[in-house]
Amino acid sequence: MNLCVARGVDVRVGQKLILDNVSVSIEAGEWVSVVGPNGAGKTTLLSVMAGLRTASGNILIGDRDLKELSPRERARLLAYVPQHPEIPPGMKVDSYVLLGRTPHLSFLGMEGPDDFRLVQQVLEQFDLATLGQRTLESLSGGELQRCHLARAIAQATPIIFLDEPTTALDLGHQQQALDRIRRLREEHQVTVVMTMHDLTLASQYCDRMILMSEGQIAADGTPSEVLDPDRLSDLYGAHVKVLNIDDHLVVVPIVGR
Amino acid sequence: MLSEKLRAPALFVGFVAILVAAGAGLLIGPAGIDKTAAIMELLDRMPFISIDSGLSQIQKNIIWEVRMPRVVLGALVGATLAVSGASYQAVFRNPLADPYLLGAAAGAGLGATVAIVTGSGDGIGTFDVVPLLAFLGALIAVALTYLLGYSSGTQRSPAALLLAGVAVASFLTAIQTFIQQQNVDTIRQVYSWILGRLNTASWDEVSLLAPYALVSTLLILMYRRTLDVMRLGDVEASSVGIRPQLVRLVVICAASLGTAAAVAVSGLIAFVGLIVPHTVRLLAGASNRIVLPLSILFGAAFLVLVDLLGRSLASPAEIPLGVITAFCGAPFFVIVLRSNKRTLG
């Protein structure tokens with residue numbers, strides 16, 4: 001079943017087309033990563049699909065037009081974690097995760113016992129229970145990343161958009177973050193659409209990759225379909241090889257001659 | 001336990017602070033009324049209690065018609081300015097925001113100056129024109145800032161609004177200064193108004209401010225959780241389902257209405273809207289759910305105490321409130337800032 005469908009999406013800034021007639025459909029339960037060189041339009045596509053940026057064209061969430069949804073209705077369907085989320089000074093970890101419950105509360109309403117219970121579970125799931133009283137700015141990069149994901153999970157939406165969730169994390173934390181997303185997908189049956197720079201990691205975790213270039217979709221399919229060395233070399237202006245190690249694809253740069 | 005549940009003790013401290021301040025404000029004064037008798041007089045007015053305080057009618061009048069309205073007005077002004085400041089800091093995500101940020105002070109100053117120099121400062125009949133023009137001046141200035149800020153750029157950013165506030169304030173201050181210079185005979189009156197005072201406090205002024213203060217404060221309090229969401233910035237706030245532009249508009253309207261009414265009855269009292277919320281944040285954490293209610297309580301207590309200092313230090317003369325708020329508030333704030341490592345927000 002198609003959960004999120006974008007049809008003929010254009011985004012123009014001044015004279016420049018950032019997204020040029022992009023059409024994508026995301027199936028329920030998929031883990032899709034949007035990849036491509038800098039400036040390809042990955043983040044713009046993500047924020048348009050998350051309803052946070054206006055664009056011409058249509059976006060359907062299930063059978064409903066995104067434009068017809070109120071912000072609250074939209075936020076019950078779509079969660080979004082930007083590449084560099086705000087870190088409000090002095091905000092405690094548990095208060096931060098609790099903000100994810102906002103779309104489920106009545107207008108100007110406060111959290112009830114169910115919200116507190118759910119957030120407590122999410123904190124435990126993300127190994128944040130002991131950090132609940134700490135302020136966000138006192139956390140390490142890996143812990144912060146868990147907080148952002150935890151807030152999105154507390155939002156309890158069927159789709160989560162993550163803009164480069166592994167930026168600023170070391171190799172170990174990158175893998176741990178992606179392992180956690182994999183577990184979350186299994187436990188919460190959530191559809192994940194994320195942008196990634198690391199093609200190797202993206203290919204090893206995601207079901208499907210969308211390769212973008214200059215505001216258009218250059219390739220869309222399974223990692224092995226999309227990661228064609230010639231195509232990558234052409235689009236990225238780099239020399240790369242795609243190796244297969246134990247049935248995992250590995251994209252490696254080769255010094256050009 | 002989740003942070004959001006730990007609120008009762010802090011609120012209790014706030015209530016104690018306001019009771020202590022009000023008690024001091026009611027019992028201390030140049031009339032030298034016996035404090036025990038004054039306490040008995042206060043208790044006498046409580047339901048189901050009847051005590052003879054032994055005070056003369058004049059002494060009773062001093063308590064009920066001079067000190068009480070002054071304490072109540074001081075508490076209302078302090079609470080309104082502090083909660084307005086806290087809400088401005090939240091919607092603009094700027095720790096330097098205060099209730100006068102969008103030109104309210106300059107507008108009120110211009111309004112009051114016009115009223116004073118045109119001679120209507122003493123009132124037309126029994127009607128006092130200074131508060132009315134100050135109130136209108138403040139509201140018009142904020143409205144002008146809002147229109148200017150939101151029509152100036154393609155990006156409806158809070159920064160454009162802040163810059164528009166600077167422009168409007170400078171423009172109105174220029175006009176106010178010009179009018180003042182042209183009418184040097186009233187400069188002392190204007191100056192005294194600008195520095196803020198509660199010495200004219202009466203029940204009339206209380207009833208003028210109370211409805212606005214109440215509506216403004218309640219509205220801001222209703223948005224206390226939403227203002228925590230606003231701390232995530234417009235994009236993320238929008239991603240969890242709120243409309244940041246609309247929230248900003250409602251909160252600015254509420255805070256400006258309260259500020260305009262407070263300024264109208266007390267003149268320009270600086271620093272309260274800045275110092276009180278930040279002190280509360282440093283002591284009780286940054287969540288607006290606690291910062292807003294505590295700012296109301298501590299703002300009220302702070303201004304009542306400051307007013308008490310202002311009328312006691314050089315008694316029977318009075319030191320302008322704005323001078324005391326800055327003189328006491330700034331060093332106190334520095335002490336709190338240095339003794340606490342928490343970040344401002």
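Model, not experiment: these values are computed from the prediction.

Peer 1: Help me understand the overall build of chain A, please; the structure alone is not making it clear to me.
Peer 2: The number of helices and strands found in chain A is 9 helices and 12 strands. Computed over the C-alpha atoms, the radius of gyration of chain A is 19 Å, within 12% of the 18 Å expected from 2.2 N^0.38 for a compact globule of 257 residues. Its C-alpha atoms put chain A at 60 × 40 × 35 Å along the principal axes. Per-residue burial over chain A gives 52% buried out of 257 residues. In chain A, of all internal contacts separated by at least 6 residues, the share reaching a separation of at least 24 is 64%. Carbon and sulfur atoms make up 48% of the accessible area of chain A, which amounts to about 11,600 Å² in all. Within chain A, one finds 24 positive and 33 negative side-chain charges whose respective centroids are separated by 4 Å.

Peer 1: How should the side chain of B:Asp98 be read in this particular structure?
Peer 2: All names here are of chain B. Residue placement: Asp-98 occurs in the loop between α3 (57-92) and α4 (104-117). No salt bridge is formed by the buried Asp-98, whose closest oppositely charged neighbour, Arg-281, lies at an N-O distance of 12 Å. Every residue in contact with Asp-98, bar those within four places of it in the chain, is listed here: Tyr-88 and Leu-274.

Peer 1: How do you make sense of the interface of chain A and chain B when you look at a structure like this?
Peer 2: Often the size quoted for an interface is simply the accessible area lost on bringing the parts together. Taken together, the 39 residues of chain A in the interface contact 30 residues of chain B. With both chains or domains summed, chain A and chain B bury close to 2,700 Å², and 57% of this area falls on carbon and sulfur atoms. Seen at the junction of chain A and chain B, the total is 4 salt bridges. B:Arg289 is the salt-bridge partner of A:Glu111, the closest N and O atoms lying 2.8 Å from each other. Where the side of chain A that touches chain B is concerned, the elements lending two or more residues are α2 (71-77), β6 (78-81), α3 (93-98) and α4 (113-125) of chain A. In terms of residue class, the side of chain A that touches chain B is made up of 21 nonpolar, 9 polar and 9 charged.

Peer 1: Just checking my understanding: could you explain the nonpolar core for this structure?
Peer 2: For soluble globular proteins, the rule of thumb is that nonpolar side chains tend to be buried together. Ranked by size, the top nonpolar core spans 139 residues in total, and within it B:Val77, B:Trp193, B:Leu227 and B:Ile252 carry the most contacts. It is α3(B) that provides the largest number of residues to this core, a total of 16 residues. Leave out the neighbours within four places in its chain, and B:Trp193 touches B:Ala108, B:Gly109, B:Ala112, B:Ile116, B:Val130, B:Ala134, B:Val263, B:Ala264, B:Gly267 and B:Leu268. Core analysis: the next-biggest nonpolar cluster, separate from the first, contains 28 residues, A:Val11, A:Leu19, A:Val34 and A:Ala50 among them.

Peer 1: I would appreciate a short explanation of unusual backbone geometry in the present structure.
Peer 2: Residue and element names in this part refer to chain A. Here Asp-127, not a glycine, exhibits a phi torsion of approximately 55 degrees, which is positive. Tracing the sequence through the fold places Asp-127 in the loop between α4 and α5 (141-154). Since its relative accessible area comes to 47%, Asp-127 is described here as partly exposed.

Peer 1: Explain a nonpolar patch on the surface to me, please; I cannot follow it from the model alone.
Peer 2: A grouping of B:Phe12, B:Val13, B:Val16 and B:Val20 is seen on the molecular surface, where their side chains present a nonpolar patch of about 370 Å² in accessible area. On the secondary structure map, B:Val16 appears in helix α1 (residues 8-27).

Peer 1: Whenever I open this one, the side chain of B:Asp228 confuses me. Can you help?
Peer 2: For B:Asp228, the position within the fold is in helix α9 (residues 224-230). Judged by relative accessible area, B:Asp228 falls into the buried class, the value being 3%. A polar contact of 2.9 Å, which involves the side chain of B:Asp228, links it to the side chain of B:Ser287. The residues contacting B:Asp228, other than those within four sequence positions of it, are A:Met91, A:Leu99, B:Ala286, B:Ser287, B:Asn288 and B:Arg289.

Peer 1: Teacher, can you tell me more about the state of the cysteines here?
Peer 2: Here a disulfide denotes one covalent bond, and it connects the sulfur atoms of two cysteines. Residues and elements named next belong to chain A. The full count for this structure, using the stated rule, is 0 disulfides over all chains. With no disulfide of its own, Cys-4 lies closest to Cys-206 among cysteine sulfurs, the gap being 16 Å. Given the relative accessible area of 1%, Cys-4 is considered buried.

Peer 1: Quick question: what am I supposed to make of α4(B) here?
Peer 2: Residues spaced three or four apart along an α-helix face the same direction, because each turn holds 3.6 residues. Residue and element names in this part refer to chain B. A rise of 1.5 Å per residue sets the reference length of α4, with its 14 residues, at 20 Å; its end C-alpha atoms lie 20 Å apart and thus fit the reference within 8%. Within α4, 13 of the 14 residues are buried, which leaves it mostly tucked inside the rest of the structure. Within two residues after α4, Gly-119 carries a phi angle of roughly 85 degrees, on the positive side.

Peer 1: Please clarify how the sheet that holds strand β9 (residues 208-213) of chain A should be interpreted in this entry.
Peer 2: In sheet architecture, strand pairing relies on hydrogen bonds along the backbone and comes in two forms, parallel and antiparallel. Residues and elements named next belong to chain A. Taken together, the 6 strands give an open sheet; going across it, the order is β6-β7-β8-β3-β9-β10, and neighbouring strands pair in mixed fashion. Looking at the sheet topology across the chains shown, the edges are occupied by β6 and β10 (216-221). Strand-to-strand twist across the sheet, computed as the mean angle between neighbouring axes with direction ignored, equals 15 degrees. Sheet topology note: the strand β7 (residues 159-163)/strand β8 (residues 191-195) ladder contains 5 bridges and is parallel. From the neighbouring strand, Ile-159 faces β8, where its bridge partner is Thr-191.

Conventions and cut-offs
- Every chain begins its residue count from 1, and numbering advances along the sequence as written.
- Going through the entries in the order they are written, you letter the chains from A and number the ligands from 1.
- With pLDDT at 70 or above as the cut-off, local features in this predicted model cover only qualifying residues; side-chain atom pairs require 80 or more to be listed or tallied, and sums for whole chains, interfaces and linings still use all residues.
- By convention in this description, side-chain values take in all heavy atoms of the structure and omit both hydrogens and water.
- Only DSSP runs of H or I with at least four residues qualify as helices, and only runs of E with at least two residues qualify as strands; both kinds are numbered from the N terminus onward.
- The reference for a compact globule is 2.2 Å times residues^0.38; the radius of gyration itself is calculated from the C-alpha atoms.
- Exposure classes here rest on a 1.4 Å probe applied to the protein chains alone. A residue is buried below 20% of its type maximum, exposed above 50%, and partly exposed in between.
- Whether two residues are in contact is decided by their heavy atoms, any of which lying within 4.5 Å being enough.
- Here the accessible surface of atoms and residues is derived via Shrake-Rupley with a 1.4 Å probe, and residues count as covered only by protein chains that are part of the display.
- For the charge count, each Lys or Arg is scored as positive and each Asp or Glu as negative, with His and the chain ends excluded.
- Throughout, a charge is located at the NZ atom of Lys, the CZ atom of Arg, the CG atom of Asp or the CD atom of Glu.
- Counted as salt bridges are all cases of a side-chain nitrogen of Lys or Arg within 4 Å of a carboxyl oxygen of Asp or Glu.
- The quantity reported as buried area is the accessible area (1.4 Å probe) lost by two parts once they are put together, taken as the sum for both.
- Gly counts as polar in this scheme, as do all residues outside two lists: the nonpolar Ala, Val, Leu, Ile, Met, Phe, Trp, Tyr, Cys and Pro, and the charged Asp, Glu, Lys and Arg.
- Residues enter a nonpolar core if they are buried and are Ala, Val, Leu, Ile, Met, Phe, Trp, Tyr or Cys, with the set joined through side-chain atoms within 4.5 Å.
- A residue counts toward a patch only above 30% relative accessible area and without a salt bridge, and it is joined to like-charged neighbours within 9 Å or, for Val, Leu, Ile, Met, Phe, Trp and Tyr, to nonpolar neighbours within 5 Å.
- Pairing of N or O atoms within 3.5 Å defines a polar contact, subject to two protein rules: one partner must be a possible hydrogen donor and the other a possible acceptor, and residues neighboring in sequence count only if both atoms are side-chain atoms.
- Count a disulfide wherever a pair of cysteine sulfur atoms falls within 2.5 Å.
- One fewer than the residue count of a helix, multiplied by 1.5 Å, yields its expected span.
- Should DSSP find at least two bridges between two strands, the strands are taken to pair.
- Think of each axis as a best-fit line through the C-alpha atoms, taken over the contacting stretch in the case of a helix, with angles from 0 to 180 degrees between the N-to-C directions.

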